[in-house]
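Chain by chain, the residues run as shown.
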Amino acid sequence: MTDPNKPDPNKPDQSATDDDWASAMAEQGDAAPAEDDPWAEALAEQAESEAEAPASQPEAAGSQVFKPLDKGQGSGAARDLEMVMDIPVKLSVELGRTRITIKQLLELAQGSVIELEGLAGEPMDILINGYLIAQGEVVVVDDKYGIRVTEIITPSERVQKLNR
């Protein structure tokens, strides 16, 4: 333990260290004027803008860019549908399915016949992006095939047809 009234001869004088720090700070203050300090300029600009602008809640950018969806309940459903009208989907019609082995697949050649599980005259499955949504029958329109929708599949029926 050292006596606070008697300085330690091995320890440098505290007042000399304080003087060194004070002179270094003074030199630094003289070398760079306050107007060249970018932080001081930025803080001054911020203080000016806060003083000019009224103290109000900041508004989220999303409210300026996106229109709120909860207003106008009468036209809301039509507007919601308009948002999805131009989304492309893939519609395909399935004649039937079957399972074959790789050996049978490799034996296929031009003119080969593949037997399907579906029966002749049975409605064909109409798929949207791979999901069954309806059934229909084949029609010919101007020398092109088409399909006439005969039944829209309910969600519960979709589950039953997936299990077959």
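The shown structure was predicted, so the numbers you read here are calculated from the model rather than taken from an experiment.

## Topic: unusual backbone geometry
Then comes step 1: One non-glycine residue, Asn129, adopts positive backbone phi at about 50 degrees.
Then comes step 2: Relative to the helices and strands, Asn129 resides in the loop between strand 2 (124–128) and strand 3 (131–141).
Then comes step 3: The exposure class assigned to Asn129 is partly exposed, which follows from its relative accessible area of 45%.
Then comes step 4: Even without being a glycine, Asp143 presents a positive backbone phi close to 60 degrees.

## Some points on a nonpolar patch on the surface
Then comes step 1: On the surface, Leu81, Met83, Val84, Met85, Ile87 and Val89 cluster together to form a nonpolar patch covering roughly 620 Å² of accessible area.
Then comes step 2: Residue position: Val84 is located in helix 4 (residues 73–84).
Then comes step 3: Classification of Val84 by relative accessible area gives partly exposed; the value is 44%.

## A look at the sheet that holds strand 2
Then comes step 1: Across the sheet, which stays open at both edges, the 4 strands sit in the order 1-2-3-4 with antiparallel pairing between neighbours. Edge strands, defined here as strands with exactly one partner in the open sheet, are strand 1 (91–94) and strand 4 (144–152). The sheet shows a mean angle of 40 degrees between the axes of neighbouring strands, taken without regard to direction.
Then comes step 2: Pairing geometry for strand 2 and strand 3, over 5 bridges, is antiparallel. Note that in strand 3 the partner of Leu127 across the bridge is Leu132.

## Considering a negative patch on the surface
Then comes step 1: Together, Asp37, Glu41, Glu45, Glu48 and Glu52 give the surface a local cluster of negative charge.
Then comes step 2: Considering the arrangement of structural elements, one finds Glu45 in helix 2 (residues 38–52).
Then comes step 3: Since its relative accessible area comes to 53%, Glu45 is described here as exposed.

## Side note on helix 2
Then comes step 1: Taking 1.5 Å per residue, 15 residues should reach 21 Å; helix 2 reaches 21 Å between its end C-alpha atoms and fits that length.
Then comes step 2: Within helix 2, only 0 of the 15 residues are buried, which leaves the element largely exposed.

## Points about the environment of Ile128
Then comes step 1: Summarising the element assignment, Ile128 is placed in strand 2.
Then comes step 2: Setting aside anything within four residues of it in sequence, one finds Ile128 in contact with Val89, Lys90, Leu91 and Ile133.

## Describing the environment of Glu115
Then comes step 1: Mapped onto the elements of the fold, Glu115 is located in the loop between helix 5 (102–106) and strand 2.
Then comes step 2: C-alpha of Glu115 to C-alpha of Arg97: the two residues are 18 residues apart in sequence and 8.6 Å apart in space.

## Focus: the pairing of strand 2
Then comes step 1: Among the 5 residues in strand 2, 4 count as buried, and that is most of the element.
Then comes step 2: Examined bridge by bridge, strand 1 and strand 2 share 4 bridges and lie antiparallel to one another. From the neighbouring strand, Ser92 faces strand 2, where its bridge partner is Leu127.
Then comes step 3: In this structure, the hairpin formed by strand 2 and strand 3 is closed by a connection of 2 residues, where Asn129 is found at a positive phi of approximately 50 degrees.

## Let's talk about the confidence of the model for the protein
Then comes step 1: Of the residues in the protein, 66% reach a pLDDT of 70 or more, and the chain-wide mean stands at 76.
Then comes step 2: Across the protein, helix 5 holds the top mean pLDDT of 94, while helix 3 (residues 61–65) sits lowest at 58.

What counts, and at which threshold
- Just so you know, the residues in each chain are numbered from 1, in the order the chain's sequence is written.
- For a predicted model such as this one, the threshold for reporting local features is a pLDDT of at least 70, and the threshold for listing and counting side-chain atom pairs is 80 or more; totals across whole chains, interfaces and linings nevertheless cover every residue.
- Hydrogens and waters are ignored; side-chain quantities use all the structure's heavy atoms.
- Where helices and strands are cited, they refer to DSSP runs of H or I of at least four residues and of E of at least two residues respectively, numbered from the N terminus.
- Using a 1.4 Å probe on the protein chains alone, a residue whose accessible area is under 20% of its type maximum counts as buried, one over 50% counts as exposed, and one in between counts as partly exposed.
- Each patch is assembled from residues with relative accessible area greater than 30% and no salt bridge, linking like charges that lie within 9 Å and nonpolar side chains (Val, Leu, Ile, Met, Phe, Trp, Tyr) that lie within 5 Å.
- Computed with a 1.4 Å probe, the accessible areas rest on the Shrake-Rupley method; for each residue, only the protein chains presented here act as cover.
- By definition, a salt bridge exists where a carboxyl oxygen of Asp or Glu is found within 4 Å of a side-chain nitrogen of Lys or Arg.
- Paired strands are those between which DSSP finds at least two bridges.
- Note on definitions: angles span 0 to 180 degrees between N-to-C directions of axes, and those axes are lines fitted to C-alpha atoms, for helices only across the stretch in contact.
- A residue counts as positive if it is Lys or Arg and as negative if it is Asp or Glu; His and the chain ends are not included.
- Positions of charges follow a simple convention, taking NZ of Lys, CZ of Arg, CG of Asp or CD of Glu.
- Multiplying 1.5 Å by the helix residue count minus one yields the expected span of that helix.
- We call two residues contacting when some pair of their heavy atoms lies within 4.5 Å.
- You can read pLDDT as the predictor saying how much it trusts each residue, on a scale of 0 to 100.

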